[in-house]
Amino acid sequence: MANILYPAPLKVGSKIAVCSLSEGIAAKYHARLESVINGLKQRGYEVIEGAFLRRSEATAELATKAHAEQLMGFLVDDSIDAIMPPFGGELAMEILPQLDFNAIKQAKPKWLVGFSDVSTVACALTAKCQWATLHSANLMQLHPNEKSPYCLQIFETLSYEANSEFTQAPSTHYQKVAPDYAQHPEALFNYTETTQWQCLNYFDQRTIEMSGRLFGGCLDTVGLLLDSPFLDLHEFKKHSAPEGLILYLENSELTPTTVARFLLSLKLAGIFDDINGIIIGRSEITQGKNPEFDYRHALNVALGGCMFPVIIDADIGHIAPNLNLINGATCTLIADINEGRVIKASLNTSLS
């Protein structure tokens, strides 16, 4: 039985690599980049910048190879303690075939932090190398003056020893409109909308509980790879999560119809046979061409009949804030339900 490997806790002097995975940061965002990097330095971390961090040329085969080689260099460098891409980019999955996972397994585990396309690589590291990885806000969102507890908890989580535990609850409000970092490089989160997690099924129960090892990320990318050699959820469960999995997913750019297709394809592939529950994040895209088939309808079609609990509209993904979800960690979610609304919930995570 393979054990999950938790990277060493970050401390003052820890070395963080800040690098792009598929495209760098355009010049108009460099002021924001400076602010977030300075925030890491203010916390006492040493920052190493990737060679392509401040370049934003169009993706090409050479750029893909160069990004893969750069990431490999950081992954096998035992002086590096964490890797924090500024954001995910567009096509991080292109670098997966060029990563040497056997060499990575021989290296010291290190944190990979972020969401969106970052989760593509993070899930592969967890599935193939048993490294725990952190799905959370991206570095570009972590302004040093940010007071959002979900952002502050990122650094707390990265400081935990193995076998530590922490608990999170749903946010009270979320951010509807993301700030323009080109025009407002010092912008902080602006939570204006009331959060309301929902339970898609299990309407006849007052309390639901799901437990298992956390695994997931962006449906747009991770959803395409769960049955691939790079993620292979069946094998991961067999070797690292015999107790079952809690799968979490969030949508970035898929229309409701495409969301339904993606989720139904996972069901048909037997992916849902391996899980004890699903947590789905909020979606920016709630309507498609057919106004009668919205995001909620898509989730109902694909997941409404599941025999395990399905929580939706959770704090995961492209609509801030983000829960801090550790791929590979054990987790228990307990929620009180009233007519499908989550009245109270706690998400207890253990680095065990």
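Check the entry above for the structure.
Let us look at the structure shown here. Bear in mind that the values here come from a model prediction, so they are computed numbers and not experimental data.

### Points about the environment of Leu 323
Secondary-structure assignment places Leu 323 in the loop between strand S13 (310–314) and strand S14 (325–327). Counting along the chain gives 174 residues from Leu 323 to Pro 149, while the straight-line C-alpha distance between them is 9.7 Å. If sequence neighbours within four positions are ignored, Leu 323 has contacts with His 135, Ser 136, Tyr 150, Gln 168, Ala 169, Trp 197, Asp 315, Ile 316 and Leu 347.

### Structural notes on the side chain of Glu 250
Residue position: Glu 250 is located in strand S11 (residues 245–250). Nearest to the buried, unbridged Glu 250 among oppositely charged side chains is Arg 282, at 9.4 Å. At 2.9 Å, the side chain of Glu 250 forms a polar contact with the side chain of His 318.

### A look at the packing of helix H8 (residues 256–268) against helix H9 (residues 295–303)
Contact geometry of H8 with H9 gives a least axis separation of 8 Å together with a crossing angle of 15°. By the angle between their axes, H8 is roughly parallel relative to H9. Two packed elements cross with a definite hand, and for H8 against H9 that hand is right-handed. For the pair H8 and H9, contact is made by Pro 256, Val 259, Ala 260, Leu 263, Leu 264 and Lys 267 and by Tyr 295, Ala 298, Leu 299, Val 301, Ala 302 and Leu 303, respectively. Across the contact of H8 with H9, the residue classes break down as eleven nonpolar, no polar and one charged.

### Focus: the pairing of strand S1 (residues 15–18)
Side-chain alternation along S1 places Lys 15 and Ala 17 on one buried face and Ile 16 and Val 18 on a second face that is also buried. Where S1 and strand S2 (residues 46–49) come together, four bridges link them in parallel fashion. The partner of Ile 16 across the bridge, within S2, is Val 47. At this point the chain moves from S1, through helix H1 (residues 30–42), to the parallel S2, and the crossover so formed is right-handed. Of the pairings in the sheet, the one linking S1 to strand S3 (residues 82–83) comprises two bridges and is parallel in character. Within S3, the position partnered with Ala 17 by the bridge is Ile 83.

### A word on the packing of aromatic side chains
Enumeration according to the criterion identifies six aromatic pairs in this entry. Seen in terms of ring centroids, Phe 272 and Phe 308 are 6.1 Å apart; in terms of plane orientation they differ by 85°. Their pairing is edge-to-face. Taken as a pair, Phe 272 in the loop between H8 and strand S12 (275–281) and Phe 308 in the loop between H9 and S13 lie far apart in primary sequence, 36 residues in all. Given the relative accessible area of 8%, Phe 272 is considered buried. Across from the ring centre of Phe 101, 5.4 Å away, lies the NZ or CZ of Lys 128, which sits over that ring.

What counts and what doesn't
Residues numbered from 1 in each chain as written. Predicted model: local features only at pLDDT ≥ 70, side-chain atom pairs only at ≥ 80, totals over all residues. Heavy atoms only, no water. Helix = DSSP H or I, 4+ residues; strand = E, 2+ residues; numbered from the N terminus. Contact = heavy atoms within 4.5 Å. Buried < 20%, exposed > 50% of the residue type's maximum accessible area, 1.4 Å probe, protein only. Lys, Arg positive; Asp, Glu negative; His and termini not counted. Salt bridge = Lys/Arg side-chain N within 4 Å of Asp/Glu carboxyl O. Polar contact = N/O pair within 3.5 Å; in protein donor to acceptor, adjacent residues only side chain to side chain. Axes fitted to C-alpha atoms, helices over the stretch in contact; angles between N-to-C directions. Parallel < 35°, antiparallel > 145°, perpendicular 65-115°, else oblique. Left-handed = near helix turned anticlockwise from the far one by under 90°. Nonpolar A, V, L, I, M, F, W, Y, C, P; charged D, E, K, R; others polar. Pairing = 2+ DSSP bridges. Right-handed = clockwise from strand over helix to strand, strands pointing away. Phe/Tyr/Trp six-rings, centres within 6.5 Å; stacked < 30°, edge-to-face > 60°. Lys NZ or Arg CZ within 6 Å of the ring centre and 35° of its normal.

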